[in-house]
Amino acid sequence: MKVVLQNLTKKFPNRNKKEKKDVIAVNDFTFEIPDGKLIGLLGPSGCGKSTLLNLLSGLLSPTEGKIYFGEEDVTDIAPENRGVGLVFQNYALYPHLTVKQNITFPLENLKGKDKLTKQQREEKALEVAKLVQIDELMERKPNELSGGQQQRVAIARALVKMPRILLLDEPLSNLDARLRLQTREEIRRIQKSTGITTIFVTHDQDEAMSISDLIVVMKDGVLQQIGKPQEVYDNPVNLFVAKFLGTPPINVFDGKIKDQKLYIGDEAVLDTEGLENAEVYVAVRPEGFILSEEGKLTCDLSRVEVMGRDISVVSTHPECHNESIRSIISSENSVNVSSATVKFDLKSGKIFLFKKESEERIYYGK
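Computed from a predicted structure; not experimentally measured.

J.: I'm lost on the layout of surface pockets in this one. Help?
T.: Leftover empty space is mapped by rolling, across the atoms, a probe with the size of a water molecule. Here the largest pocket defines a volume of roughly 920 Å³. Taken together, 30 residues form the lining of the largest pocket, with Pro79, Glu80, Val84, Pro106 and Lys161 sitting closest to its centre. Those elements that place two or more of their residues in the lining of the largest pocket are β6 (84–87) and α4 (147–159). Here the lining of the largest pocket is composed, by residue class, of 17 nonpolar, five polar and eight charged. Forming the boundary of the second largest pocket are Leu291, Ser292, Glu293, Ser334, Val335, Asn336, Ser339, Thr341, Val342 and Lys343. No other element matches the three residues that strand β19 (residues 341–346) contributes to the lining of the second largest pocket. Residue classes in the lining of the second largest pocket are distributed as three nonpolar, five polar and two charged.

Quick look at the structure:
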């Protein structure tokens, strides 16, 4: 099911009575979610992700704009009639019901031609339980399950009505690191198996990038960028997106373009033919550094961290905004740890320039 948002805006009254302006949680949001895709809705806490999800589910009504499922305008349709499956952060399972009863619960209120017999409800519950691999737990209560198992029950309950759209609101945040990894892989497998258009809300960019067909990056209720995860990582449109995506985070320097060369401090690190003189932000991905005795960028060496196949060179520079610079290089390189400084050349494809005022991307080269 294709989902289209047109100029979607949601405003809330300001709790500070001295402030007359409303709080804009979602601001003029327009984009199209292709049928059968998994979309990662990504951004920091308070950026409007959950509000957008609640607008899609019908739990909130938009102040302005339209929501379409396929060609149907669902903007004013009640949540129970939208065909949406919603999985909450806290699972929201009924503690006094068994796994089977939790899963069948959404089917018990179906009426008319959709009404199911008890046997049909249990067959559907078993079908989705097998899909999420909890069919052996059907008679247990939620308090007898691990966090990961409870999450699977919540997903099964959302899937049992075969919704047109599946919405997941930070579904992994209550799990430990290992379970998060395992469960996000399960979510991707389930989505592939069912083909249901799925929107996955998270503030964890690793989660979003690892399982999403497309990611949508938000800031302060405003859409920043949409694209395939690797495309957004490789081509951020502004400094916020560049800083938000990537682990370790991107290294940001104050720089300047002078006589068609890019300077960090007093060192010319890159040719910038065609660009006018200007003060800029220079952002370099951790993998964008090349260790070289004749390198153009000199940093003060702090330490070297060996990480198996890679080495993380930790250094500092007076023009860097980061507390420390992390440069990821191959373990085949040898770093002179007794030296006070370390020199790098920079990979042009891993350097991004941004305007000082607007923080918008400055494009250069081919």
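J.: Got a minute to help me understand the environment of Asn322 in this structure?
T.: Among the structural elements, Asn322 can be located in the loop between β17 (310–316) and β18 (325–330). Placed 229 residues apart in sequence, Asn322 and Leu93 show a C-alpha to C-alpha distance of 43 Å. Here Asn322 is in contact with Ile250, Asn251 and Val252, once residues within four sequence places are set aside. Within the structure, the side chain of Asn322 is placed 3.0 Å from the backbone oxygen of Ile250, a separation counted as a polar contact.

J.: Quick question: what am I supposed to make of helix α3 (residues 118–131) here?
T.: Residues spaced three or four apart along an α-helix point in a common direction, a consequence of the helix completing one turn every 3.6 residues. For α3, spanning 14 residues, the distance from its first C-alpha to its last is 20 Å, which sits close to the expected 20 Å at 1.5 Å a residue. Buried residues of α3: Arg121, Ala125, Val128 and Ala129, and no others. Buried residues along α3 cover an arc of 105° about the axis, so they all sit on one side. Turned more than 90 degrees from where α3 packs its buried face, Gln119, Glu127 and Lys130 sit exposed. Looking at the packing, one finds that the buried side of α3 touches α2 (99–104) and α4. Positive phi shows up at Gln133, right after α3, with a value of about 65°.

Procedures and definitions
- Residues numbered from 1 in each chain as written.
- Predicted model: local features only at pLDDT ≥ 70, side-chain atom pairs only at ≥ 80, totals over all residues.
- Heavy atoms only, no water.
- 1 Å grid on protein atoms, 1.4 Å probe; cavity = no way out; pocket = protein on both sides within 12 Å on 5 of 7 lines; lining within 4 Å.
- Points joined across faces, edges and corners; volume = space filled by probe spheres on them.
- Helix = DSSP H or I, 4+ residues; strand = E, 2+ residues; numbered from the N terminus.
- Nonpolar A, V, L, I, M, F, W, Y, C, P; charged D, E, K, R; others polar.
- Contact = heavy atoms within 4.5 Å.
- Polar contact = N/O pair within 3.5 Å; in protein donor to acceptor, adjacent residues only side chain to side chain.
- Expected span 1.5 Å × (residues − 1).
- Buried < 20%, exposed > 50% of the residue type's maximum accessible area, 1.4 Å probe, protein only.
- Arc of directions from axis to C-beta.

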